[in-house]
Amino acid sequence: MTTLWDTTGSAVVKELAAQRRTGGAVLSGVALTLVVVADESRVADAEEAATHAAEAHPCRLLVVVRRQLEAPAPRLDAEVLIGGRLGPGEAVVMRMYGRLGLHAESVVLPLLAADAPVVAWWHAAPPDRLATDALAVFAHRRITDTSLADDPLAALKTRAEDYAPGDTDLAWTRSTAWRSTLASSLDSVSGRRGEPVQVHGGRIEGDSTSPTAQLLAGWLSSRCGCPITVEDGDRRPNASGVDSVSLQLDQDEEVQIHADRKGGAVITQPYRPDAGVALPDRVLGDLLSEELRRLDRDEPYSEALEAATGVTGLSARSPEREHVWFDPAESESGNGSRPRKRSAAKQAGDS
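Residues numbered from 1 in each chain as written. Predicted model: local features only at pLDDT ≥ 70, side-chain atom pairs only at ≥ 80, totals over all residues. Heavy atoms only, no water.

Colleague: Give a detailed account of the sheet that holds strand E9 (residues 199-206), specifying residues and quantitative values.
Modeller: Taking strand neighbours across the sheet as the criterion, the six strands line up as E10-E9-E11-E12-E13-E14 in an open arrangement whose pairing is mixed. Looking at the sheet topology across the chains shown, the edges are occupied by strand E10 (228-232) and strand E14 (275-278). This sheet shows a mean twist of 20 degrees between the axes of neighbouring strands, independent of strand direction. Sheet topology note: the strand E12 (residues 253-259)/strand E13 (residues 264-268) ladder contains four bridges and is antiparallel. Bridging from a neighbouring strand, Gln256 pairs with Thr268 of E13. Packed on one face of the sheet, helix H8 (residues 211-224) meets E9, E10 and strand E11 (242-249) and runs near 155 degrees to E10. (Pairing = 2+ DSSP bridges. Helix = DSSP H or I, 4+ residues; strand = E, 2+ residues; numbered from the N terminus. Axes fitted to C-alpha atoms, helices over the stretch in contact; angles between N-to-C directions. Contact = heavy atoms within 4.5 Å.)

If you want it as structure tokens, here you go:
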């Protein structure tokens, strides 16, 4: 590892190339570039999760930490690692001070792996409009986490209003085990009957303020064509915010799934004994790794987000964003200045 204090983007690029020549090609090819935007307080968690995900998805890891935007002079401190504590690949951790943090793309763009897609992940509060962050504009896929927000449901609505195909949310990823269990349970009922199952209604018990619970309800509502409600339960749910799901089926039948607090759940369905299924809490690295498996648009997520928030037409939106320059200092000064638009191509060229 090499630490560069008060350095420049060009020096970081040269150091990365020098380490590659000295140590040999640790990674012959990468599947993607993962750009991580993290608060200083969450850097350790973000690095651990990204390292875990990089084991399954070889990538160049670029960690951006914006610090002290009010600092009088811009400054860049960088750690350059190849085959170090952040996994077997190439990694750069960049701490940006002053107004350099508003132009992080000027340092990040030259470090992107050639001919590889870019995934941006905010392990921090993302901007209300992702287009105001150039790191989101040139990314093919954008990962946020509404569960980190002070008001998760308001953040969920914001993500719907700002949605573009290619966006996703780790709150949605936390519902994967529940979605798989529900789908297999309904398939089991359908197999017994020899005909499709119709869902007439249902409810989710857990934390009604959980974005994961709301997205799970949205997914069920969009798939089943009937409203699924989220209600506060008597027990405190796990990290997913879901404690149990009950679905009312045609032919006066019901399927219930209850978390058992032991890393699993109990499935209750007609004409069959109760069955247990694994439903463990997943670490952050597993969630991130799942999202890196696909780089195309996630249509089930957009449908669930529509149903959960009431914002429609998400899938019809353009996946391309145009960069909108936004200066928080000007916003706070109250001078009424408006964000200025710049195309992604122009932004890359200027950098």
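Colleague: Any chance you could break down the confidence of the model for the protein for me, citing the residues and the numbers?
Modeller: Detail in the predicted coordinates should be disregarded across regions flagged by low pLDDT. Summing up the model confidence of the protein, the mean pLDDT is 89 and the portion of residues at 70 or higher is 92%. This stretch, residues 333-337, has a pLDDT under 50; its non-local contacts, to residues over four places away or in other chains, come to two contacts. Considering only residues more than four positions removed or in separate chains, one finds that residues 343-351, a stretch of pLDDT under 50, has 13 contacts. (pLDDT = per-residue confidence, 0-100.)

Colleague: Describe unusual backbone geometry, listing the residues and the values that go with them.
Modeller: Although it is not a glycine, Asp6 adopts a positive phi angle of roughly 45 degrees. Structurally, the position occupied by Asp6 is in the loop between strand E1 (2-4) and helix H1 (9-23). Classification of Asp6 as exposed rests on a relative accessible area of 54%. Phi is positive for Gln251, which is not a glycine, with a value near 60 degrees. Here Gln251 lies in the loop between E11 and E12. (Buried < 20%, exposed > 50% of the residue type's maximum accessible area, 1.4 Å probe, protein only.)

Colleague: Could you give me a rundown of the layout of surface pockets, with the residues and numbers involved?
Modeller: Taken as a whole, the largest pocket spans an internal volume of roughly 520 Å³. Around the largest pocket sit 20 residues that line it, and Arg66, Leu69, Leu102, Pro127 and Asp133 are the ones nearest its centre. At the level of secondary structure, the elements contributing two or more residues to the lining of the largest pocket comprise strand E2 (32-38) and strand E15 (323-325). Taken as a whole, the second largest pocket holds about 270 Å³ of empty space. In terms of lining residues, the second largest pocket is bounded by 15 residues, among which Ala125, Pro126, Asp128, Ala149 and Ala155 are the most central. (1 Å grid on protein atoms, 1.4 Å probe; cavity = no way out; pocket = protein on both sides within 12 Å on 5 of 7 lines; lining within 4 Å. Points joined across faces, edges and corners; volume = space filled by probe spheres on them.)

Colleague: Give me the lowdown on helix H2 (residues 43-56), citing residues and values where you can.
Modeller: Given a rise of 1.5 Å per residue, 14 residues ought to cover 20 Å, and the 21 Å separating the end C-alpha atoms of H2 matches this to within 8%. For H2, every residue scored as buried is listed here: Val43, Ala46, Glu47, Ala49, Ala50, Thr51, Ala53 and Ala54. Where H2 is buried, its residues contact E2, strand E3 (59-67), strand E5 (90-97), strand E6 (118-123) and helix H9 (284-291). (Expected span 1.5 Å × (residues − 1).)

Colleague: An account of the packing of H8 against helix H10 (residues 299-309) is requested, with residue identities and associated values reported.
Modeller: With their axes 7 Å apart at the nearest point, H8 and H10 run at an angle of 100 degrees to one another. Taken together, the axes of H8 and H10 lie roughly perpendicular to each other. Where H8 approaches H10, its residues Gln214, Leu215, Gly218, Trp219, Ser221, Ser222 and Arg223 are matched on the opposing element by Pro300, Tyr301, Glu303, Ala304, Leu305, Ala307 and Ala308. Residue composition of the contact of H8 with H10, grouped by class: eight nonpolar, four polar and two charged. (Parallel < 35°, antiparallel > 145°, perpendicular 65-115°, else oblique. Nonpolar A, V, L, I, M, F, W, Y, C, P; charged D, E, K, R; others polar.)

Colleague: A description of the nonpolar core should follow, citing residues and the corresponding values.
Modeller: The nonpolar side chains of soluble globular proteins are, as a tendency, buried together. In this structure, Ile204, Val245 and Leu247 are the most contacted members of the largest nonpolar core, which totals 35 residues. It is H8 that provides the largest number of residues to this core, a total of six residues. Contacts of Leu247, omitting those with residues within four sequence positions, involve Leu182, Leu186, Val199, Gly201, Gly202, Leu220, Ile228, Glu253, Glu254 and Val255. Counting residues in hydrophobic clusters, the runner-up holds 29 residues, among them Leu16, Val64, Ile82 and Leu111. (Core = buried A, V, L, I, M, F, W, Y, C linked by side-chain atoms within 4.5 Å.)

Colleague: Give me the packing of aromatic side chains: which residues, what numbers.
Modeller: If you walk through the whole model with that rule in mind, you get two aromatic pairs. With a centroid separation of 5.9 Å and 50 degrees between ring planes, the pair formed by Trp172 and Tyr301 is classed as tilted. Of this pair, Trp172 sits in helix H6 (residues 170-173) while Tyr301 sits in helix H10, and the two are 129 residues apart along the sequence. Taken individually, Trp172 and Tyr301 each receive the classification buried, so the pair is uniform in this respect. Among the aromatic residues, those joined into a cluster by ring pairs are Tyr163, Trp172 and Tyr301. Positioned above the aromatic ring of Tyr97, the side-chain terminus of Arg75 is 5.5 Å from the ring centre. (Phe/Tyr/Trp six-rings, centres within 6.5 Å; stacked < 30°, edge-to-face > 60°. Lys NZ or Arg CZ within 6 Å of the ring centre and 35° of its normal.)

Colleague: Any chance you could break down the sheet that holds E6 for me, citing the residues and the numbers?
Modeller: One open sheet holds the eight strands; their spatial order is E1-E4-E5-E3-E2-E6-E7-E8, and the pairing between them is mixed. Across the chains shown, the open sheet's two edge strands, defined by having one partner strand only, are E1 and strand E8 (167-169). In this sheet, adjacent strand axes meet at a mean angle of 15 degrees when their direction is disregarded. In terms of strand pairing, strand E7 (residues 141-144) meets E8 through three bridges, oriented parallel. Residue pairing in the sheet places Thr144 in a bridge with Asp169 of E8.

Colleague: Lay out the domain arrangement of the protein with the relevant residues and their values.
Modeller: Where interface size is quoted, it is often the accessible area lost as the parts come together. As far as domains go, the protein holds domain 1 (2-144 + 321-330) and domain 2 (173-278). Using only C-alpha atoms to locate each centre, domain 1 and domain 2 end up separated by 39 Å. (Domains from an automatic or database assignment.)

Colleague: Could you give me a rundown of the packing of H2 against H9, with the residues and numbers involved?
Modeller: Two numbers describe a pair of packed helices, the interaxial angle and the distance between the axes. In contact at an axis separation of 8 Å, H2 and H9 are set at 50 degrees when each is read in the N-to-C sense. Classified by the interaxial angle, the pair formed by H2 and H9 is oblique. Pair H2 / H9 crosses with right-handed handedness. Every residue of H9 that contacts H2 at Asp45, Ala49, Ala50, His52, Ala53 and Ala56 is listed here: Leu284, Gly285, Asp286, Leu288 and Ser289. (Left-handed = near helix turned anticlockwise from the far one by under 90°.)

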